[in-house]
Amino acid sequence: MSWEEIIEQRHKVQTFDFGSTSGADGASASGIRDDMWGWEAQRERVVVVAVGAKSRRDKAFGEFAFEDSLDELERLASTAGCEVVGRMTQKLPQGPVPATYLGSGKIGELRELCGLPRSLDQEEDDDEDEDDEDLFYDDEDEDECWDDDAEDGSNKRDRRNGFDAYAPTVDMVIFDDELSPKQGRNLERKLGGKVRICDRTALILDIFSQRAQTAEGQLQVEMAQLEYQMPRLTKMWSHLERQSGSGAVKGMGEKQIEIDKRLLRDRKSLLQAKIEQVRTHREQYRAKRKSERVPIVSLAGYTNAGKSSLLNALTNADVLAEDKLFATLDPTTRRLDLTNGMTVLMTDTVGFIQKLPTQLVAAFRATLEEVLESSLILHVVDISSDLAEAQINAVDKVLSELDAAHIPQLLVWNKIDNITDEEVMLEIEIAAEERGAVLISAQTGQGMDVLQEKIVEIIKRSTLTRCELLVPYERGALIGEIRRTGFVESEDFLAEGTKVVCYLPVGMSRRKDVIGFLQASTF
């Protein structure tokens, strides 16, 4: 059967066979659209690259090791939907080369790893030879190239490469640092313009753009992308002449790059105005929460530490929780009724990561300001990770940049269900007692009662005042407000009214209607 008959038969089945497994959108049971028959979706093949300084220690306590950072980059690439097919490392005395990031010898190795000739000059010479061979093209050569009986596979190449002898077998190279515009241009030139260049910052921005669901998140991600793109427009349009002038004097007009920069600046101004509206909207919500005098507990921590799982376990929220980096971008707030009757608001925030792009911190400041209004920060840590201490330091660094270091923190060591070694678990328990951390498992629910007791204790000590009140029976509504905003320690019913020993927010304890019922024994 010829190819034409197969395609025609397939087309008839697609058009007239309504009893097939295809849906209304043309998707078959295998996930391949019928109108795209013969085409298979392929993930982008990438190589990850990192450069470190020889003078630095290979592994310091509380720091990310050289290989660990590259492992995390591979996870980021997988989260973005790429397939990591290779990795390359290099240690240089002074760190990355300012012009090309990699040394000249490693660039040759990188070309080979991408399926290109080691030398760029060799590739150019081979291209000239192929052009000469095309002048003496023979039909017999075509028959040889399409010989179906070839068993050695020498004529078969990857679909993405066509039949170019030196087409790359890799789509993109991702570097573990933010490349300067100069380094990016030089690397593209060294790879002959056949392999795309990406750095850690661009990769994180791409993941954020994929995961942003709300309009607020999309605005903030686009703002961060514009901040990243602005300095990288230089020489991108150097091959274009100036635009024609206008008016009586036909002088030289704007260059293409000048037009692009002006358009980006206009777009940036529009985004800033919209983000400012978002910030104003959030400030109104925070003001409303302050008026209700309900303590706010924020969940902060490294990405994939289990913050969303903890929020779901405590509040029965239906927040997306996946074993992926940056599964949560948009903050979620839920009400939590503690065991003593006290009510708090718990807010799940975006996860942090080492080498967090400054553009993201600036763009997401409107969202991260939720942390600044907290009464308590639960610093969630994946204690089963070998890099737990390094992740703690990375989160503390970001919190310091946000001026949130003064807010009370409680270390919550999560995922203890992943620790099976009894000796390791004993060491973790001793370390947790020394540092005041709480051991929990959001997956199994272990340690949740202890966590709630710790939350009550810290909020009571840092944000509440102990008061003794004698409330007349006709003012019983005040006792209901005390239960909502604070908690009651004891309650006695006397002839004059109800004697209440309670803990109240400082602002409420100073209200006139509350001061009138304070007893002399208040402290």
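This structure is a prediction, so every number in the text was calculated from the model and none was measured.

**Notes on the sheet that holds strand β7 (residues 343–348)**
- One open sheet holds the six strands; their spatial order is β6-β7-β5-β8-β9-β10, and the pairing between them is mixed. Every other strand in the sheet has two partners, leaving β6 (332–337) and β10 (438–439) as the edge strands with one partner each.
- Each of β5 (296–301), β8 (376–382) and β9 (409–414) is contacted by helix α13 (residues 388–401), which is oriented at about 150° to β8, the strand it contacts most.

**Notes on the packing of helix α10 (residues 307–315) against helix α15 (residues 448–462)**
- It is the contact of α10 with α15, at a shortest axis distance of 12 Å, that shows an interaxial angle of 90°. By the criterion of interaxial angle, the relationship of α10 to α15 is roughly perpendicular. Along its contact with α10, which presents Leu-310, Ala-313 and Leu-314, the element α15 presents Met-448, Leu-451 and Gln-452.
- Classifying every residue of the contact of α10 with α15 gives five nonpolar, one polar and no charged.

**Focus: the pairing of strand β3 (residues 172–175)**
- On β3, burial covers both faces: Met-172 and Ile-174 on one face and Val-173 and Phe-175 on the other are all buried.
- Where strand β1 (residues 44–53) meets β3, four bridges bridge the pair, whose relative direction is parallel. Looking at the pairing, Val-49 lines up with Phe-175 of β3.
- Of the strand pairs in this sheet, β3 and strand β4 (residues 196–199) are connected by four bridges, and their pairing is parallel. Residue pairing in the sheet places Val-173 in a bridge with Ile-197 of β4.
- Once the chain exits β3 it traverses helix α6 (residues 181–190) before rejoining the sheet at β4, and the crossover so formed is right-handed.

**Some details on a negative patch on the surface**
- On the surface, a cluster of negative charge is contributed by Asp-421, Glu-422, Glu-423 and Glu-427.
- Looking at the secondary structure, you find Glu-423 in helix α14 (residues 422–435).

**Observations regarding empty space enclosed by the protein**
- On inspection of all chains with the given rule, the structure shows one cavity of 30 Å³ or more.
- Counted as a void, the largest cavity has a volume near 60 Å³.
- Taken together, Phe-208, Val-350, Gly-351, Phe-352, Leu-356, Leu-360, Val-361, Phe-364 and Leu-368 form the lining of the largest cavity.
- Among the residues forming the lining of the largest cavity, the class breakdown is eight nonpolar, one polar and no charged.

**Concerning the sheet that holds strand β13 (residues 498–505)**
- If you trace the three strands from one edge of the open sheet to the other, you get β11-β13-β12, paired in antiparallel fashion. Single-partner strands in this sheet number two, and they are β11 (464–471) and β12 (487–493). Across the sheet, the mean angle separating the axes of adjacent strands is 20° when strand polarity is ignored.
- For β12 and β13, the ladder comprises six bridges, and the chain directions are antiparallel. Residue pairing for β13: Phe-487 is matched across the bridge by Tyr-503.
- Of the strands in this sheet, β11, β12 and β13 are in contact with α15, which crosses β11 at around 80°.

**Comments concerning the nonpolar core**
- Counting residues in each nonpolar core, the largest one holds 46 residues, and the members touching the most others are Leu-76, Ile-174, Leu-203, Phe-208, Phe-326, Phe-352 and Leu-360.
- Of all the secondary structure elements, the ones that give two or more residues to this core are β1, α2 (66–79), β3, α7 (200–211), α8 (215–229), α11 (358–363), α12 (365–372) and α13.
- Non-local contacts of Leu-203, meaning those with residues more than four positions away in its chain, are made with Leu-73, Leu-76, Ala-77, Ala-80, Ile-174 and Cys-198.

**A look at the pairing of β9**
- Burial within β9 is extensive, with five of its six residues counted as buried.
- Relative to β9, β8 runs parallel, the two sharing six bridges. Bridge assignment links His-379 to a residue of β9, and that residue is Leu-411.
- In this fold, β8 hands off to α13, which returns the chain to β9; that crossover is right-handed.
- Two strands pair when backbone bridges link them, and β9 and β10 are joined in this way by two bridges, in the parallel orientation. In the sheet register, Trp-413 faces β10, and the bridge partner there is Leu-439.
- With α14 bridging β9 and the parallel β10, this β-α-β connection has right-handed handedness.

**Focus on the pattern of salt bridges**
- Evaluation of the coordinates by the stated rule reveals 20 salt bridges.
- Linking Glu-72 and Arg-200 is a salt bridge whose minimum nitrogen-to-oxygen distance equals 2.3 Å. In this pair, Glu-72 sits in helix α2 while Arg-200 sits in helix α7, placing the two residues 128 residues apart along the sequence.
- Of the charged contacts in the structure, one is a salt bridge between Arg-466 and Glu-489, with a shortest N-O distance of 2.9 Å.

**A few points about the UniProt feature "binding site: Mg(2+)" (unreviewed entry) in the protein**
- As recorded in UniProt, the sites labelled "binding site: Mg(2+)" (unreviewed entry) are Ser-308 and Thr-328.
- Looking at the secondary structure, you find Ser-308 in helix α10.

**Some details on the packing of α2 against α7**
- It is at 10 Å that the axes of α2 and α7 come closest, and there the two elements cross at 35°. The two elements α2 and α7 cross, and the hand of that crossing is left-handed. Listed contacts from α7 to Ser-69, Glu-72, Leu-73, Leu-76, Ala-77 and Thr-79 of α2 are Arg-200, Leu-203, Ile-204, Ile-207, Gln-210 and Arg-211.
- Broken down by class, the residue content of the contact of α2 with α7 amounts to six nonpolar, three polar and three charged.

Here is what the cut-offs are and how they apply
Residues numbered from 1 in each chain as written. Predicted model: local features only at pLDDT ≥ 70, side-chain atom pairs only at ≥ 80, totals over all residues. Heavy atoms only, no water. Pairing = 2+ DSSP bridges. Helix = DSSP H or I, 4+ residues; strand = E, 2+ residues; numbered from the N terminus. Contact = heavy atoms within 4.5 Å. Axes fitted to C-alpha atoms, helices over the stretch in contact; angles between N-to-C directions. Parallel < 35°, antiparallel > 145°, perpendicular 65-115°, else oblique. Nonpolar A, V, L, I, M, F, W, Y, C, P; charged D, E, K, R; others polar. Buried < 20%, exposed > 50% of the residue type's maximum accessible area, 1.4 Å probe, protein only. Right-handed = clockwise from strand over helix to strand, strands pointing away. Patch = residues over 30% accessible without salt bridge, like charges linked within 9 Å, V, L, I, M, F, W, Y side chains within 5 Å. Areas by Shrake-Rupley, 256 points an atom, 1.4 Å probe, with all protein chains shown as cover. Salt bridge = Lys/Arg side-chain N within 4 Å of Asp/Glu carboxyl O. Lys, Arg positive; Asp, Glu negative; His and termini not counted. Charge placed at Lys NZ, Arg CZ, Asp CG, Glu CD. 1 Å grid on protein atoms, 1.4 Å probe; cavity = no way out; pocket = protein on both sides within 12 Å on 5 of 7 lines; lining within 4 Å. Points joined across faces, edges and corners; volume = space filled by probe spheres on them. Core = buried A, V, L, I, M, F, W, Y, C linked by side-chain atoms within 4.5 Å. UniProt positions renumbered as here; feature names shortened; annotations may be inferred. Left-handed = near helix turned anticlockwise from the far one by under 90°.

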